[in-house]
Structures are given as C-alpha cells and as structure tokens.
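Single-letter residue listing:
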Amino acid sequence: MHVLRPQFRIEEQRALEFAGRRGFGVIVAADANGPRASHVPFVLVERDGRVIVQIHFTAKNPLVELADGVKRFLLIVAGDDAYISNDWYASPDNVSTWLYEAVHLSGVAHLRRHDENRGHGDALLAVAEARLPKQPWDLQQMEPGKRESMLAAIRVVDLVVDQIEGQAKLNQHKSDADHVAVADQLGRSEETGHRRLAQKMQALRPGLRYDIS
C-alpha cells in the first residue's frame, strides 16, 4: 500500500510505507489475564480516508474476543537490527548498543464478518506473492472444499490506525567519523540485514566517505 495522504506527516507516511513493505508483525492487546500477543501477516488498506491494518487469527485465538470495536490493539513491525560493539567506533569510550528500525501502529480493533474472509485471503496473498519471482499463486487454485474449510477456521480483524510511531536508531547523534566507522563495519558483515542498515546509514549522510559502496 502506498500511503501519501495529506493528513499524514512525512514521518508517518514513511512509517506506513515501511510497515507495508514488511507485511508481518506482532499484535498485542490485553485482557483480564494480562497481555496477549500473536505473530501475524497483514495488509494495509485505505477505507473512507482511514488506514486499516487487516489481519486474521484462528477462530480460537483469545485476541478474537478482544476485537470488540472498543479495545485497542498495538501492531509492532520490526525491521533489521544489529549489535554494535564499542570498539567499532572511531572515537574512544562509546557504549556498545543495538541499531534497529521498527514501527508501532495502534488503534481500535473491529471483528469482520465471516463472508469477508475470502477477500482478506485474496488481498494478503496478492501482496505476499508479488514479492516472489514467479507466477502468483492464489486461492482459486486450491481444492474448493479445502479452501472453504480453511477460510471458515479464521476470523478477520480490522485495526483502524489512529497512532503511528516510527522508531529508528541508526547512529543519528554520533559524529561523522563514528557514523562512517560503524556503517563500514556493518557493510562488511555477512548478514544481509546488517548490510541493509549500512546502506540506510549511508543514505542519512550521503556526503561522507565510506569504504563500502
């Protein structure tokens, strides 16, 4: 989903686009026994000028009963992260830390009707399959009885977003020399997530001289 609505600040637009690209997160809500959480794929949709996170649970998931149109849900969408050792910096006496990116989307959750399950499944697959270098697979290709049984076992929930919070720690407050030193270390890592963070650090300060390209 490409969200560039006038009512959103630039930071919120970027946070929504980040979440949409990830498409997977952790939903958290609380009942009388305390916090409940589920790891879920999701799609972002826009309806009547509002941003909605649409997710699904198995019908027996305790979060289903909490989607009553009153209670609030929180979706945590995590990106790449990396541990930064204190001797990676150019200057002395820095503290070891973690760099990361994440987005928090929160709002009131609403349970959808059973007859909307298929539309949600189609939308979710369309987004996920588009990321793969192949002909997209869809529910139409599934044996009808198996498909209907699977769809009947889930409940779809709309999280109507009213709070958008982007969180990122990418050495924004370090000196140029320290910024470059850490980005170069991450850029040499074997982990693709570390290299992606290095590229984002370069984009934050593009005029500096990095060893990595």
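Further up the page is the structure itself.
For the structure given in this document, a descriptive report is provided here. Along each chain, numbering runs from 1 in the same order as the chain's sequence is written. Residue-level local features of this predicted model are given only where pLDDT is at least 70; pairs of side-chain atoms are given and counted only at 80 or more, and the full residue set underlies all totals for whole chains, interfaces and linings. Derived side-chain values reflect all non-hydrogen atoms in the structure, with water molecules and hydrogen atoms excluded from consideration.

### A few points about the overall build of the protein chain
Working step 1: Summing up its helical and strand segments, the protein chain has 6 helices and 7 strands in all.
Working step 2: For the purposes of this entry, the term helix denotes a DSSP run of H or I that reaches at least four residues, the term strand denotes a run of E that reaches at least two, and both are numbered from the N terminus. Overall, the protein chain shows an N-to-C arrangement of helices and strands of α-β-β-β-β-α-β-β-α-α-β-α-α.
Working step 3: Exposure classes here rest on a 1.4 Å probe applied to the protein chains alone. A residue is buried below 20% of its type maximum, exposed above 50%, and partly exposed in between. A total of 213 residues make up the protein chain; the buried ones form 43% of that total.
Working step 4: Contact definition: two residues touch when any of their heavy atoms are within 4.5 Å. Of the contacts made within the protein chain by residues no fewer than 6 positions apart, 69% connect residues no fewer than 24 positions apart.
Working step 5: Computed over 27 positive and 29 negative side-chain charges, the inter-centroid distance for the protein chain is 3 Å. Neither His nor the chain ends contribute to the count of charged residues, in which Lys and Arg are positive and Asp and Glu negative. Where a charge sits is defined by one atom per residue type, namely NZ (Lys), CZ (Arg), CG (Asp) or CD (Glu).

### Regarding the nonpolar core
Working step 1: Grouped together as the largest cluster of nonpolar side chains are 27 residues, with contacts concentrated most on Ile27, Val53, Phe57, Phe73, Leu75 and Leu105.
Working step 2: Taken together, the elements giving at least two residues each to this core come down to helix 1 (10–22), strand 1 (24–31), strand 4 (50–58), helix 2 (63–66), strand 5 (68–84), strand 6 (97–111) and strand 7 (154–169).
Working step 3: Throughout this description, the term nonpolar core refers to a set of buried Ala, Val, Leu, Ile, Met, Phe, Trp, Tyr and Cys residues connected via side-chain atoms within 4.5 Å. Of all hydrophobic cores here, the second largest spans 14 residues; its members include Ala82, Leu170, Ala183 and Ala198.

### Here's the deal with the pairing of strand 5
Working step 1: Two strands are counted as paired when DSSP detects at least two bridges linking them. Both strand 1 and strand 5 contribute to a ladder of 3 bridges, which runs antiparallel. Bridged to Val26 within strand 5 is Ile76.
Working step 2: By the bridge criterion, 12 bridges tie strand 5 to strand 6 in an arrangement that is antiparallel. Residue pairing in the sheet places Ile76 in a bridge with His104 of strand 6.

### Considering the environment of Val160
Working step 1: As for its position among the elements, Val160 is in strand 7.
Working step 2: The buried category is assigned to Val160, whose relative accessible area is 14%.
Working step 3: Considering only alpha carbons, one finds Val160 and Val182, 22 residues apart in sequence, at a separation of 38 Å.

### As for helix 3 (residues 117–129)
Working step 1: Take the residue count of a helix, subtract one, and multiply by 1.5 Å to get its expected span. For helix 3, built from 13 residues, the straight-helix expectation of 18 Å at 1.5 Å per residue is met to within 8% by its first-to-last C-alpha distance of 18 Å.
Working step 2: Buried within helix 3 are the following residues: Asn117, His120, Gly121, Leu124 and Glu129. Burial along helix 3 is one-sided: seen end-on, the buried residues are contained in an arc of 145°.
Working step 3: Of the surrounding secondary structure, the elements contacted by the buried residues of helix 3 are strand 2 (34–41), strand 3 (43–47), strand 4, helix 4 (144–152) and strand 7. Each C-beta atom gives one direction from the helix axis, and the arc is the one those directions make.

### Some words on helix 6 (residues 192–204)
Working step 1: Taking 1.5 Å of rise per residue, 13 residues should cover 18 Å, and helix 6 covers 19 Å from first to last C-alpha, within 8% of that figure.
Working step 2: Within helix 6, burial applies to Gly193, His194, Leu197, Ala198, Met201 and Gln202.
Working step 3: For helix 6, the secondary structure elements touched by its buried residues are strand 5, strand 6 and helix 5 (176–187).

### Re the pattern of salt bridges
It is possible for side chains bearing opposite charge to pair when their charged atoms get close.
Working step 1: Each salt bridge in this description consists of a side-chain nitrogen of Lys or Arg and a carboxyl oxygen of Asp or Glu lying within 4 Å of one another. As enumerated under the stated definition, the model contains 14 salt bridges in all.
Working step 2: Among the ionic contacts, a cluster of salt bridges with common partners joins Arg47, Arg112, Arg113, Asp115, Glu116 and Asp158.

### A look at unusual backbone geometry
Working step 1: A positive phi angle is found at Asp48, which is not glycine, with a value near 55°.
Working step 2: Inspection of the secondary structure puts Asp48 in the loop between strand 3 and strand 4.
Working step 3: Positive phi outside glycine occurs at Asn171, with the angle close to 60°.
Working step 4: As for its placement among the helices and strands, Asn171 is situated in the loop between strand 7 and helix 5.
Working step 5: Taking the relative accessible area as the measure of exposure, Asn171 reaches 5% and is therefore buried.

### Observations regarding the environment of His120
Working step 1: As for its position among the elements, His120 is in helix 3.
Working step 2: For His120, a relative accessible area of 1% translates into the label buried.
Working step 3: Setting aside anything within four residues of it in sequence, one finds His120 in contact with Val43, Gln54, Ile55, His56 and Val156.

### Considering the packing of helix 5 against helix 6
Working step 1: In this description, a line fitted to the C-alpha atoms serves as the axis of each element, helices being fitted only across the stretch in contact, and the angle between N-to-C directions of two axes falls anywhere from 0 to 180 degrees. Contact geometry of helix 5 with helix 6 gives a least axis separation of 7 Å together with a crossing angle of 150°. What the angle tells us is that helix 5 and helix 6 run roughly antiparallel. In this structure, helix 5 meets helix 6 at a crossing whose hand is left-handed. In contact with His179, Val182, Ala183, Leu186 and Gly187 of helix 5, helix 6 contributes His194, Arg195, Leu197, Ala198 and Met201.
Working step 2: As a working rule, the residues Ala, Val, Leu, Ile, Met, Phe, Trp, Tyr, Cys and Pro are called nonpolar, Asp, Glu, Lys and Arg charged, and the rest polar, with Gly in that last group. Taken together, the residues of the contact of helix 5 with helix 6 sort by class into 6 nonpolar, 3 polar and 1 charged. Each angle receives one of four descriptions, namely roughly parallel if under 35 degrees, roughly antiparallel if over 145, roughly perpendicular if within 65 to 115, and oblique otherwise. For a crossing to be left-handed, the near helix must be turned anticlockwise from the far one by less than a right angle; the clockwise case is right-handed.

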